[in-house]
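These are the residues of each chain, in order.
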Amino acid sequence: MNSAKVRFEKAQHQDFKLSDRIDEDLLETIGATQEMPKGAIVDMIKEYLFRRGKACALCKKTQHRKKLSINHRIPKSKGGRDNIENLQLLCARCLELKGDKTMLETRKKIRTQKNKIKQERKKY
Ligand SMILES: [Zn+2]
């Protein structure tokens, strides 16, 4: 198995987790209640985000619903909340690239990588 495939599968299994007490505004936005099972709420969030834009928030490529995962724009580890403004859908490749970074940091990383490639090409 090549490494690209391994990375892809790992990203697919990366779980999106909600806080124990789900943000009331988020529930209201998607039309869910605190009593609903977490899995159902996650599905509703995904549906809501997917209806807004059927593409990856980072590479902007249109993707099948199954290939997109919910992600925090600002990771929870960096103070990001579970509100709808902080949630987005990413494809497996972008999800892996983003990791535990904010969108700003991720875009910066992409720019740096692109510049590196440009500089490498100049050498030849
Ligand atoms: Zn993407």
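About the thresholds
Residues numbered from 1 in each chain as written. Predicted model: local features only at pLDDT ≥ 70, side-chain atom pairs only at ≥ 80, totals over all residues. Helix = DSSP H or I, 4+ residues; strand = E, 2+ residues; numbered from the N terminus. Buried ≥ 20, exposed ≤ 12 C-beta atoms within 10 Å, placed from the backbone. Contact = placed C-beta atoms within 7 Å. Core = buried A, V, L, I, M, F, W, Y, C linked by C-beta atoms within 7 Å.

## Digging into the environment of Ile-70
Phase 1 of the analysis: When you line up the elements, Ile-70 lands in strand 1 (residues 68-72).
Phase 2 of the analysis: Looking at Ile-70, the number of C-beta atoms within 10 Å reads 20, which means it is buried.
Phase 3 of the analysis: Sequence separation between Ile-70 and Cys-56 is 14 residues, and the spatial gap between their C-alpha atoms is 10.0 Å.
Phase 4 of the analysis: Those residues in contact with Ile-70 that sit more than four places away from it in its chain are Phe-16, Val-42, Ile-45, Lys-46, Leu-49, Leu-87 and Leu-89.

## Things to note about unusual backbone geometry
Phase 1 of the analysis: Residue Lys-60 is not a glycine yet carries a positive backbone phi of 65 degrees.
Phase 2 of the analysis: Within the secondary structure layout, Lys-60 lies in the loop between helix 3 (38-52) and strand 1.
Phase 3 of the analysis: By the C-beta count within 10 Å, which is 11 here, Lys-60 ends up exposed.

## What to know about the nonpolar core
Phase 1 of the analysis: The biggest cluster of nonpolar side chains holds 13 residues, and the ones touching the most others in it are Cys-56, Leu-68, Leu-89, Leu-90, Cys-91, Cys-94 and Leu-95.
Phase 2 of the analysis: Here this core takes four residues from strand 2 (residues 87-91), the largest share from any one element.
Phase 3 of the analysis: Beyond its immediate stretch of four places on either side in the chain, Cys-56 contacts Lys-61, Gln-63, Leu-68, Leu-89, Leu-90, Cys-91 and Cys-94.

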